[in-house]
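Now for the letters of each chain:
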Amino acid sequence: MTDNLPSMTDADSCLSEKELEVLKKQYIREGEYVTEQTRFNFAWGLIKSKNRREQTQGVLLLTDIYREVPDRRRECLFYLALGHFKLGNYNDARKFNESLLEFEPNNHQAHALRREIEDRVAKEGYIGMAIVGGVAAVGTIILASLLKKR
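Just so you know, the residues in each chain are numbered from 1, in the order the chain's sequence is written. Local features are withheld for residues below a pLDDT of 70 in this predicted model, meaning they are given only at 70 or higher, and side-chain atom pairs are given and counted only at 80 or more; totals for whole chains, interfaces and linings count all residues. With hydrogens and water set aside, each side-chain value is computed from the structure's full complement of heavy atoms.

Quick reminder of the rule: UniProt positions are given in the numbering used here, feature names are shortened, and annotations may be inferred rather than shown by experiment.
The protein carries the name Mitochondrial fission 1 protein in an unreviewed UniProt entry, which gives Linnemannia gamsii as its organism. UniProt annotates the protein under Sequence similarities (unreviewed entry) with the comment "Belongs to the FIS1 family." Under the heading Function (unreviewed entry), UniProt records this for the protein: "Has a role in mitochondrial fission."

1. A short note on helix α4 (residues 52–68)
Three or four residues apart is the spacing at which side chains of an α-helix point the same way, because the helix has 3.6 residues per turn. Filter applied, for reference: Only DSSP runs of H or I with at least four residues qualify as helices, and only runs of E with at least two residues qualify as strands; both kinds are numbered from the N terminus onward. Each helix should span, by expectation, one fewer than its residue count multiplied by 1.5 Å. Summary of the burial criterion: residues with accessible area below 20% of their type's maximum are buried, those above 50% are exposed, and those between are partly exposed, where the area comes from a 1.4 Å probe applied to protein chains only. Contact definition: two residues touch when any of their heavy atoms are within 4.5 Å. Two N or O atoms count as a polar contact when they lie within 3.5 Å, although within protein this holds only if one can serve as hydrogen donor and the other as acceptor, and sequence-adjacent residues are included solely when both atoms are side-chain atoms.
In this model, α4 (17 residues) spans 24 Å end to end at C-alpha, consistent with the 24 Å of a helix rising 1.5 Å per residue. Buried within α4 are the following residues: Gln55, Gly58, Val59, Leu61, Leu62, Thr63 and Ile65. Summarising the contacts, the buried residues of α4 are in contact with α2 (17–30), α3 (36–47) and α5 (73–87). Of the residues that open α4, the one with a side-chain oxygen 2.8 Å from the backbone nitrogen of Arg53 is Asn51.

Given below as structure tokens:
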């Protein structure tokens, strides 16, 4: 059952505005009787959007589905992890992805996403250290120049 989820390349690709509009129209057309499949499809499309606001909306919609529809939790876990990853919420991404791996320890897509999360966290950690180091160096230079003037 682990092969039903997309590869990281497919999961990270974006939908066109036209494709997302089709999902949105279906969601709106069903109104208060919207099916779980339509909700899931729309949430999936929003997460695959390039727009951060739409990605956030997709995560919120998937969170509702996750809470309300136990049969969809497995699918929701992966896309919640992916959505949080795309939004830069790496702790939440890791939490949802690890939950999926508890159920499916051999899930290749979840392992690929785990590597992506860890790589991104490490990269941003290095960038943060470089910024702190640069600020410290500038502070040291300013302090040294002030001390020289005395």
